[in-house]
Amino acid sequence: MIAIPCDYTACNLERSSTTVVICEGYFLPQGWFAGRNLAVSQVTTKYVLWADDDFLFTEKTKIEKLVEVMEAVPELCVLGGSVQGNQFYFSLHYEEGHEMGGGCLYRKLNGTFHTLPHYPQCFLAYGVINFFLARTDAVQKVVFDPKLQRVPHSEFFMDGLGSLLVASCGHVSIDHQPKTGHDKDMARYASFRHPGKSDEEFKLQHHFFKKHLKCVQYS
């Protein structure tokens, strides 16, 4: 009996009756966050770097500098960089409500706290842009909500509120690939980038029941 790995070459080999093709595969989940969970579940290193597929690495994308900060401040769970000079960090504020009505959760853009010791270009925040270095075990504990399928980046940090120590650094940056294409292609891209009202309503309803909230405000 011959056992061969399942790759392009193996699929094109002439097989005999005693040939066994061994494949390692995964059922692909539906939705952006479910896919993130699958990807993170396979990481075996101490840190995981997260970036969009249309980001461009440049001479300013010094991942080792993010690692340096994470090693110097081991309590950190997530450390964000900047995309074309923009850090897009935010703060979160929870206003406790009563038992029947629930509380309120507020997200405020550009809300930060004090700087990190010995790293004045880095400061604490509650959430950062989707270019970040994170401790793998911390991300795997919080996980990404698989019920959220599109534009749910802030929600990961909302779920990690109270358990993730987050910071943002401005000295490590990455570029964004310029958008090109016909108007038809851009319109299709916009339909995914900016989902309809039903997606937003579902996300808010999901917040209300999952976190026992009566209001969520983004600013």
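Residues numbered from 1 in each chain as written. Predicted model: local features only at pLDDT ≥ 70, side-chain atom pairs only at ≥ 80, totals over all residues. Heavy atoms only, no water.

The subject of this paragraph is the packing of aromatic side chains. The tally for this structure, following the rule as stated, stands at 7 aromatic pairs. Considering the side-chain rings of Phe-113 and Tyr-126, the 5.3 Å spacing of their centres and the 90° angle between planes classify their relative orientation as edge-to-face. Within this pair, whereas Phe-113 is found in the loop between strand E7 (102–109) and strand E8 (115–116), its partner Tyr-126 is found in the loop between strand E9 (119–125) and strand E10 (132–135), the two being separated by 13 residues in sequence. With relative accessibility at 31%, the residue Tyr-126 sits in the partly exposed group. Within the aromatic cluster, the residues linked to one another by ring pairs are Trp-50, Phe-90, Phe-132, Phe-144, Phe-156 and Phe-157. Just above the ring of Phe-90 sits the side chain of Arg-107; from NZ or CZ to the centre is 5.8 Å. (Phe/Tyr/Trp six-rings, centres within 6.5 Å; stacked < 30°, edge-to-face > 60°. Helix = DSSP H or I, 4+ residues; strand = E, 2+ residues; numbered from the N terminus. Buried < 20%, exposed > 50% of the residue type's maximum accessible area, 1.4 Å probe, protein only. Lys NZ or Arg CZ within 6 Å of the ring centre and 35° of its normal.)

Okay, the nonpolar core next. Grouped together as the largest cluster of nonpolar side chains are 23 residues, with contacts concentrated most on Val-78, Phe-132, Val-139, Phe-156, Phe-157 and Leu-164. Contributing elements (two or more residues each) for this core: helix H2 (32–41), strand E3 (47–50), strand E6 (90–98), E10, helix H4 (136–142), helix H5 (153–159) and strand E12 (213–218). Every residue in contact with Leu-164, bar those within four places of it in the chain, is listed here: Cys-77, Val-78, Ala-138, Val-142 and Phe-156. (Core = buried A, V, L, I, M, F, W, Y, C linked by side-chain atoms within 4.5 Å. Contact = heavy atoms within 4.5 Å.)

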